[in-house]
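Observations on chain architecture
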Amino acid sequence: MTAEDAHDDATIVRTERRWATISVVIIVVLILLAAFAGIHQATMPQGRVETIDPTRLHLSGEFVESNLGTANEADGTVTVRAIGQQYSFTPACILVPVDTPIKLRATSADVVHGILIQGTNVNTMLVPGYVSEQFMRFEKTGDHLMPCQEFCSFGHEGMWGKVRVIDKAEFASRAKNGGRLSCVGE
Ligand SMILES: [Cu+2]
């Protein structure tokens, strides 16, 4: 074996080690990402599955009509409850305060629909029988379109709602009397 061969062997060993290390690092990063997403409920579908009877939404429980809309919680957060059905969302205009942690809880009364809030990364499927939960926070006041983003039969393209983000003080004054808020008809 000449000195040159020995030098080549050393180069090969070094290169192989380097690529082996890179492969192991990639695998470790992927494992950490999967663990992080699982712990923070950011996987789709989520590990924590909540079921609900879609035929009885309007009769009792969390998604009766009088409970739909925006609820002001005691801890300063806000919960929005909504349903999708062929071919509208209830409420059709969701009212939320700016710069506030918001929990969106939604489900479908018939077929698969989707909620997508334009200009944000909020995008979730509404599957009959399951409750979809998503967290959001709006940095600026203003209106966002909220189209159904899952083809749900021939009226699909006409199915859309709106999200209106308003000033915190205005929201607080409207929430004073309790009940559920929305911006339908405004
Ligand atoms: Cu739809």
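Below: a short report on this structure.

**With respect to the overall build of the chain**
Along the chain, the regular secondary structure elements total two helices and 10 strands. Listing each helix as α and each strand as β along the chain from the N terminus yields α-β-β-β-β-β-β-β-β-β-β-α. Compactness check: the chain gives a C-alpha radius of gyration of 24 Å against a globular reference of 16 Å for 186 residues, more than 25% above the reference. Referenced to the eigenvectors of the C-alpha coordinate spread, the extents of the chain come out at roughly 90 × 40 × 30 Å. Buried positions account for 24% of the 186 residues belonging to the chain.

**Focus on the pairing of strand β2 (residues 78-85)**
Walk down a regular strand and you will see the side chains alternate between the two sheet faces. The element β2 is largely enclosed, with a buried count of seven among its eight residues. In terms of strand pairing, strand β1 (residues 69-72) meets β2 through four bridges, oriented antiparallel. From the neighbouring strand, Gly69 faces β2, where its bridge partner is Arg81. The pairing of β2 with strand β5 (residues 102-108) spans seven bridges and is classified as parallel.

**Topic: the nonpolar core**
Grouped together as the largest cluster of nonpolar side chains are 22 residues, with contacts concentrated most on Val80, Ala82, Ile83, Ile94, Val96, Ala106 and Val163. For this core, the secondary structure elements donating two or more residues are β2, β4 (93-97), β5 and β10 (160-166). Looking at which element gives the most residues to this core, the answer is β2, with four residues. Residue contacts for Val80: discarding those within four places in its chain leaves Thr70, Ile94, Val96, Ile102 and Leu104.

**Thoughts on unusual backbone geometry**
For the bond running from Gln86 to Tyr87, omega is 0°, close enough to zero to count as cis. Following the sequence through the fold, Tyr87 ends up in the loop between β2 and β3 (88-90). Each neighbour pair has its own omega, and for Thr90 with Pro91 the value is -5°, a cis peptide bond. With respect to the element layout, Pro91 can be found in the loop between β3 and β4. The phi torsion at Asp99 lies on the positive side, around 55°, for a residue other than glycine. Counting through the fold element by element, Asp99 comes out in the loop between β4 and β5. Using a count of 12 C-beta atoms within 10 Å as the deciding quantity, one classes Asp99 as exposed. Its identity is not glycine, yet Ser153 carries a phi of approximately 105°, on the positive side. Secondary-structure assignment places Ser153 in the loop between β9 (142-147) and β10. Residue Ser153 is classed as exposed on the basis of its 10 C-beta neighbours within 10 Å.

**Digging into the sheet that holds β4**
Spatial strand order, β4-β10-β9: three strands in an open sheet with mixed pairing. Every other strand in the sheet has two partners, leaving β4 and β9 as the edge strands with one partner each. Across this sheet, the average inter-strand angle for adjacent strands is 20°, counted without regard to direction. For β4 and β10, the ladder comprises five bridges, and the chain directions are parallel. Residue pairing across strands places Pro97 opposite Ile166, the latter belonging to β10.

**Focus: the environment of Asp75**
Counting through the fold element by element, Asp75 comes out in the loop between β1 and β2. Judged by the 7 C-beta atoms lying within 10 Å of it, Asp75 is exposed.

**Some remarks on helix α1 (residues 3-39)**
Spanning 37 residues, α1 covers 54 Å between terminal C-alpha atoms, matching the ideal 54 Å at 1.5 Å per step. In terms of residue burial, α1 counts as a barely covered element, since only zero of its 37 residues are buried. Immediately downstream of α1, the backbone of Gln41 shows phi near 55°, a positive value.

So, how was this worked out
- Residues numbered from 1 in each chain as written.
- Predicted model: local features only at pLDDT ≥ 70, side-chain atom pairs only at ≥ 80, totals over all residues.
- Helix = DSSP H or I, 4+ residues; strand = E, 2+ residues; numbered from the N terminus.
- Rg over C-alpha atoms; globule rule 2.2 N^0.38 Å.
- Buried ≥ 20, exposed ≤ 12 C-beta atoms within 10 Å, placed from the backbone.
- Pairing = 2+ DSSP bridges.
- Core = buried A, V, L, I, M, F, W, Y, C linked by C-beta atoms within 7 Å.
- Contact = placed C-beta atoms within 7 Å.
- Axes fitted to C-alpha atoms, helices over the stretch in contact; angles between N-to-C directions.
- Expected span 1.5 Å × (residues − 1).

Just distances and angles here, no functional claims.
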